[in-house]
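So the chains spell out like this:
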Amino acid sequence: MNGRGRSGGRPTLEEVAVRAGVGRGTVSRVINGSSKVSAHTRAAVEAAVAELGYVPNRAARALAANRTDAIALVIPEPEARFFAEPYFSDVVRGVGATLAETDVQLVLTLAGSDRERRRLAQYLSGHRVDGVLLVSVHAGDPLPELLAELGIPAVISGRRSAGEALPCVDSDNLAGAAEAVRHLLGRGRRAIATITGPLDVYGAQCRLDGYRQALAAAGQPVAEALIAVADFTEEGGRRAMRELLERRPGLDAVFAASDVMAAGARRELRAAGRRIPDDVALVGFDDSVVARHMDPPLTSVRQPIEEMGRTMARVLLERIAGESPEHSIVLRTELVVRESS
C-alpha cells in the first residue's frame, strides 16, 4: 500500500491492527520488542507493518506515553574498576544485544563517588529515562530506594540480600563456589584458602558461603586463617594472597572469588616461588578473558554474564510496558577446568 493508510495519510497503529487481525495493544507490544507475543502473532503484525509501510512516530508516541525511550545502566563503582574488570563490559554487551532489537537508547552511568551519585540523583529526578538497570550495588546503597521513591522501574543484577525487593537477575554464586571447592578437594588439596570480594556485596557473601559449605560437607574444618577479604581488584588479590601466605605458608590451593583477584594472587604466588598448580592450585570466578589468557590458563567458574545483561534488559522493558515479568531469576554457573588446578 506504498506507505499510505485508508485516509491517504501515514498508516496508523489501528490500521496495522486491523490488517493483522489483532488488537492495538498487541501491535504496540510487537513494535516495542515485548517477548509476551507468540511467534505467529508477531509474524502477522510484522507482515502488516511491511504491507502498509507503517513507520512508528517515536517522538509523538514517547510524548503521549510520557516516555523517553531511554534506559540507564548504572554502575556504582569507580571508573578504574569498570575498565579493569571484564565483567562490566560483558554486562553492557548483553544489555546492548537486547536493546538492539528496539528503539530504546542506553545511557551508561558510573557512580563511584559521592559527587557522581549526587549528580545521578538529580538526573534521575528529572525522569529523563524510563527505567534503570543497576549492577554491582553494595549493601546500604540508597540508590534503589531513590528509584522506588521516584517511581522509576528498575532491575538489579546481583541481589543485595536473599530478600531483594527489586526485580533481580543473578547467577548462582553459592553453587558455583561450592563446585570450585569440591573440584579442589577432588584433586587432593586439603589446605584450601579463599580470597573473597567485599562482604557488603551479597554475591561475595554467597561465594564465601559456598566455600564454607563445600568444606563442611567434605568433613574438612573451615579455618578462618585461610579466609582473606579483598575488593575484586588485582591489587586486592595480591595483598590478600600475601596475607594468606604469611598466615598459612603450607596452603596448597586458593579459590579466588573473581578472575581478576586470581590474577593478583598468581603474581604473589610466583613472587613467593610457588608453582601453579604443582605447589598451589588456583581457581577463579567469572571465566572472563583474564582466565583464558593467564599462564597457566585459569580454572574458573563461568557465570553467563552476557545472558544476565540480556535478561536484565528484557525484564526491564517488560516492566516499562506494564507487564509482570519474573521477580527473581537465578542463572546456573559452570566450572571450566584448565591447567591452573
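Shown above is the structure to which this text applies.
Below or above, wherever it landed, is the structure these notes cover. (Residues numbered from 1 in each chain as written. Predicted model: local features only at pLDDT ≥ 70, side-chain atom pairs only at ≥ 80, totals over all residues. Heavy atoms only, no water.)

## Section: the pairing of strand S8 (residues 253-256)
Working note: regular strand, side chains alternate between the two faces of the sheet. The alternating pattern of S8 places Ala-253 and Phe-255 on one face and Val-254 and Ala-256 on the opposite face, and all of these are buried. Pairing of strand S6 (residues 192-196) with S8 involves four bridges; the strand directions are parallel. Among the inter-strand pairings, Ala-193 is bridged to a residue of S8, identified as Val-254. With three bridges connecting them, S8 and strand S9 (residues 281-286) associate as parallel partners. The residue of S9 that forms the bridge with Ala-253 is Ala-281. The handedness of the S8 to S9 crossover, carried by helix H12 (residues 259-271), is right-handed. (Buried < 20%, exposed > 50% of the residue type's maximum accessible area, 1.4 Å probe, protein only. Helix = DSSP H or I, 4+ residues; strand = E, 2+ residues; numbered from the N terminus. Pairing = 2+ DSSP bridges. Right-handed = clockwise from strand over helix to strand, strands pointing away.)

## A few points about the sheet that holds S8
Ordered in space as S7-S6-S8-S9-S10-S12, the six strands form an open sheet in which the pairing is mixed. Pairing within the sheet leaves two strands with one partner each, and these edge strands are strand S7 (227-229) and strand S12 (334-336). Neighbour to neighbour, the strand axes of the sheet diverge by 20° on average, direction disregarded. Relative to S7, S6 runs parallel, the two being bridged by three bridges. Directly across from Thr-196, in S7, lies its bridge partner Val-229. Its contacts with the sheet put helix H9 (residues 173-186) on S6, S8, S9, strand S10 (299-302) and S12, and the angle it makes with S9 is roughly 165°. (Axes fitted to C-alpha atoms, helices over the stretch in contact; angles between N-to-C directions. Contact = heavy atoms within 4.5 Å.)

## Quick word on empty space enclosed by the protein
Evaluated as defined, the whole model comprises two cavities of 30 Å³ or more. Here the largest cavity is characterised by a volume of approximately 270 Å³. For the largest cavity, the lining is made up of 22 residues, of which Tyr-87, Ser-136, Val-201, Arg-207 and Phe-232 are closest to its centre. Elements that contribute at least two residues to the lining of the largest cavity include exactly strand S5 (168-171) and helix H10 (202-217). Sort the elements by how many residues they give to the lining of the largest cavity and H10 lands first, with three residues. Among the residues making up the lining of the largest cavity, the classes are represented as seven nonpolar, eight polar and seven charged. (1 Å grid on protein atoms, 1.4 Å probe; cavity = no way out; pocket = protein on both sides within 12 Å on 5 of 7 lines; lining within 4 Å. Points joined across faces, edges and corners; volume = space filled by probe spheres on them. Nonpolar A, V, L, I, M, F, W, Y, C, P; charged D, E, K, R; others polar.)

## What to know about unusual backbone geometry
Between Ile-276 and the following residue, Pro-277, the backbone shows a cis peptide bond with an omega angle of 5°. Of note, Pro-277 is situated in the loop between H12 and S9. Along the chain, Asp-295 connects to Pro-296 via a cis peptide bond; the corresponding omega equals 0°. Mapped onto the elements of the fold, Pro-296 is located in the loop between helix H13 (289-293) and S10. Of note, His-127 is a non-glycine position whose phi angle comes to about 50°, a positive value. By secondary structure assignment, the location of His-127 is in the loop between helix H7 (114-125) and strand S3 (131-135). With a phi angle near 65°, Ser-136 is a residue other than glycine that sits in the positive phi range. Take Ser-136: it is sitting in the loop between S3 and helix H8 (143-150).

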